[in-house]
Amino acid sequence: MVSYILRRVLQSIIVLLVVGLVAFSMFRFVGDPIEQLLGQERTQQDVERLREALGLNDPFIVQYADFLARALQGDFGISYRQSRPVAEILLERLPATLELAFISGFLAVTLGIALGVFTAIRRKGVAANVIMSTSLIGVSLPTFLIGILLIYVFGVQLRWLPTFGRGEVVDLGWWTTGLLTESGLKSLILPAITLGLYQMTLIMRLVRAEMLEVLRQDYIRFARARGLSAKAVNFRHALKNTMVPVITVTGLQLGSIIAFAIITETVFQWPGVGLLFINAVQFVDIPVMAAYLMLISVMFVAINLIVDLLYVWVDPRLRVDGRTA
Amino acid sequence: MRITFTVLALAAALPAGAAELRFASTTDPNTLDPHAGNSAPNFSLLGNVYEGLVRRGRDMSIEPALATAWEPIGDGEGWRFTLREGVTFHGGEAFDAEDVVFSYERAASEQSDVASWFASVDRVEAPDATTVEIYTTAPNPIFPDSIANWMMMDSGWVSENGADRPNIEQGNFATTNANGTGPYRITERQPGLRTEMEAFDGWWGEDRGNVTAATFQPVQNSATAVAALLSGELDLIEPVPVQDAARVEQADGVQVIRGVEARVIMLGFPHDRTDLYGGGDENPFADPRVRQAVAHAINVPAILQTVMRGSAEPVNQLVSPAMRGFTEGLSGYGYDPDRAMELLAEAGHGDGFQFSFRCPNDRYLNDEAVCTAITTMLSQVGLDPQFETMPVANYWPTLRADEHDVYLLGWSPGTFDAEHPIRFLLATPDEEARLGSWNFGGYSNARVDELLPAIQSEIDDVARQAMLDEVATLTLEDVAYVPLYVQPLLWGAREGLEVVQRPDNFVNLRWITVPE
């Protein structure tokens, strides 16, 4: 088990290095940061001075090596856009994204599994069919459209919920949370639905399909024949056996919820890292882009690792070094 | 008891109907340091916090601010400013001539982004605490016009906090903190998220509305900003997208405030190429008849009516009528596709030719749509433009690398004077002399180069205007550029909100009155 984890960690580091390399080789295609940093009345001397000071004259390999060397010491450089340390900015923005991602992830998983089980068990019922048809909206409409629709209906027309921002936040020193104020909670509702809707419908459809598959198996029939209650059959025997693919997908989707919160954050002006990244791309803020991409890849790698370990826990057959062969 | 008194005294000092304003714009200033960023979003916000020796009034004219009067020294050796007395910074420090000299040294330093304003300045002296003398290497009649955004910092505050020089790449204390003399002081700054301001009771001026507290939030997505305005979460947004203006106008409780910006949108040509970047081995644009044909081929009124929905003004020179030095009575080429085809045939290009046409897609209002329309119009007279758009972060490097033929450019003169585009867009490019730095097409006209220094040092307004008129006429005949229109300003506001909208697109909080 230990050697398995070590091997995975080693693989992860290689993945990270490659991501960084690809990212740095791409940055010069995003544009020239100097154009954004200096005003229209700048001179060529100003441009040259700043270019040298920022190390933009070096080949990208050298820039990448510099970045890695400093990143290993916990220094992610200084944002071109804000002239402040990138680490500081990321830490400021992360709570907003993580809160949003976990709330929408939680909604997606709980509602997704519940509705999935329901539609599988009552697959001929009217309610199940209505749910299945509505879920098509979730998988087929793009996120920004859902966001704008929600804003229009609940923000502009009904005026129940705020249209943008995070509301009032409570600063705990190392974390800012919107979960403790009324305006913070209200602000969270629309973006969380927007961000989680796709994942929810995806999980729901997956659970339903897996459940239908499992319910057809012999052991379920035997379980029924043994006179077990419907509850025990459906949840203890059937649902547990549908979990392996669901865990994989959920894990990976949690990663993409955080990574692709970009669109939701832009539509709702949500002050998280996704919005920060979009601004960084427009401004060619290389240190912020680099740190963000590294952060996201670390996260994906970590999630994959955890998902792998969870498999082993859920499905005893996968315990390679195991007590059972 | 004392606390009560203080509260009462404060309440008395505030104007009647104290109000809070929540406003938003697409771009957050990248710094609070007035010498580290030379862009409109920075000056718009900081103009409420910091002040210069002079400032621009409601009609853009120069008026006294921290200087009460100014006069030329001798025969154009420089300018003498008399400073306002009794002015204090937000931190309580007194403002005097020493601060002006310090602010000059800081703003003109190598690390500053506004150093070019002081290119003609030789030295700055402070004979006494309320007089400052600025000596220039040559007579500079528009110097006071060019320093309206040169903001004064307190030398003591800056030094104590180790921000003696602006620092664009690393930032310093002045990047996130401000201490000006202006009508508002910054109480909270979260870069990229929000900036809170509060009326400064110790401000020397009187001309102010009823805004006592203001929150600025950048909202990148215009649709989000419009929704927030409609739902009453914001009081003022800028800009309203052109395509949403009519809808916002019809909505209850909000209004659209329209104006004209200082920015002129134009087409540029590859004057100095021998071949074409996106075409053959020769450069047909070297022939003025071909450039004229392009001017005749573009139906500007149609573009304004369809793409800009009637909210922009056509123009035939590089500055808008609101600028100082605008040339009256000039008439442009006008839409005449037959004449365009005739001219092309005369120049030997009756069958048209292929060239590259580049355009940004996130820099100007509806820039991509305008260029798409232009592409169609050029095709209609038989030309073959290879149209390509890109984000502005790539656009400028591409133009600078000379990878273009015809291109779209917008120019807003920082000095609000017709001399500005001559210096940046028409003068023959010369790095040493800091001329023509945005003249991507390499336009070069000996007479224009000769007139520029004369315009810069001419004290007599009539003689100066005559020279500006000559340049405008020359470049129109030469079709150095094809000026298209002046970009519109569209603000969205709560109904009843009174604002002053100037061509520089600055939000001046002190002129805003929020309805009860």
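Residues numbered from 1 in each chain as written. Chains lettered and ligands numbered in written order. Predicted model: local features only at pLDDT ≥ 70, side-chain atom pairs only at ≥ 80, totals over all residues. Heavy atoms only, no water.

A few words now on the interface of chain B and chain A. The interface of chain B with chain A comprises 48 residues on the first partner and 44 residues on the second. Across the chain B/chain A interface, buried area totals approximately 4,000 Å², and carbon plus sulfur atoms make up 49% of it. Summed over the three residues of chain B that lose the most area to chain A, namely Asn30(B), Glu169(B) and Gln220(B), the buried surface amounts to 15% of that side. Taken together, the links from chain B to chain A amount to 2 salt bridges. Across the salt bridge formed by Glu35(A) and Arg400(B), the nearest N and O atoms sit 2.8 Å from each other. (Contact = heavy atoms within 4.5 Å. Buried area = accessible area lost by both parts, 1.4 Å probe. Salt bridge = Lys/Arg side-chain N within 4 Å of Asp/Glu carboxyl O.)

Moving on, we come to the pattern of salt bridges. Between side chains of opposite charge, a pair can form when the charged atoms approach closely. Residue and element names in this part refer to chain B. Applying the stated criterion across every chain yields a total of 40 salt bridges over all chains. In this structure, Asp 122 and Arg 123 form a salt bridge, with 3.1 Å as the shortest nitrogen-oxygen distance. For Glu 450, the salt bridge is made with Arg 447, and the minimal N-O distance between the two is 3.1 Å. Taken as a pair, Glu 450 and Arg 447 lie in helix α15 (residues 446-457) at a separation of 3 residues, close to a single helical turn. Residue class for Glu 450 comes out exposed when judged on its relative accessible area of 51%. Of the residues examined, Arg 447 reaches a relative accessible area of 31% and is grouped as partly exposed. Linked through salt bridges whose partners overlap, the residues forming this network are Asp 145, Arg 324, Asp 417, Asp 461 and Arg 464. (Helix = DSSP H or I, 4+ residues; strand = E, 2+ residues; numbered from the N terminus. Buried < 20%, exposed > 50% of the residue type's maximum accessible area, 1.4 Å probe, protein only.)

Let's shift gears to the domain arrangement of chain A. All names here are of chain A. Domain parsing of chain A yields domain 1 (1-86) and domain 2 (89-318). Counting residues at the interface gives 31 residues for domain 1, matched by 25 residues for domain 2. Summed over both partners, the interface of domain 1 with domain 2 buries about 2,500 Å², with 76% contributed by carbon and sulfur atoms. Among the residues of domain 1 in contact with domain 2, Leu 16, Phe 27 and Val 86 are the three that bury the most area, contributing 23% of the side total. The interface formed by domain 1 and domain 2 contains 1 salt bridge. Of the charged contacts, one joins Glu 92 and Arg 84 as a salt bridge, the two residues approaching to 3.0 Å between their closest N and O atoms. (Domains from an automatic or database assignment.)

Before going further, it helps to examine the side chain of His404(B). Residues and elements named next belong to chain B. Counting through the fold element by element, His 404 comes out in the loop between α13 (392-400) and β16 (406-411). Given the relative accessible area of 0%, His 404 is considered buried. A polar side-chain atom of His 404 sits 3.4 Å from the main-chain carbonyl oxygen of Phe 440. Contacts of His 404, omitting those with residues within four sequence positions, involve Pro 270, Arg 273, Tyr 277, Ser 356, Arg 358, Leu 399, Phe 440 and Gly 441. (Polar contact = N/O pair within 3.5 Å; in protein donor to acceptor, adjacent residues only side chain to side chain.)

A few words on the sheet that holds strand β7 (residues 131-136) of chain B. Residue and element names in this part refer to chain B. The strand order across the open sheet formed by 4 strands is β4-β5-β7-β6, and the pairing between neighbours is antiparallel. Each edge of the sheet is formed by a strand with only one pairing partner; in this case those strands are β4 (67-73) and β6 (121-128). On average, adjacent strands in this sheet sit at an angle of 20 degrees to one another, irrespective of strand direction. Where β6 lies against β7, 5 bridges are found, and the strand directions are antiparallel. Residue pairing in the sheet places Glu 125 in a bridge with Glu 133 of β7. With respect to the sheet, helix α3 (residues 97-107) is in contact with β5 (78-83), β6 and β7, its orientation differing from that of β6 by roughly 165 degrees. (Pairing = 2+ DSSP bridges. Axes fitted to C-alpha atoms, helices over the stretch in contact; angles between N-to-C directions.)

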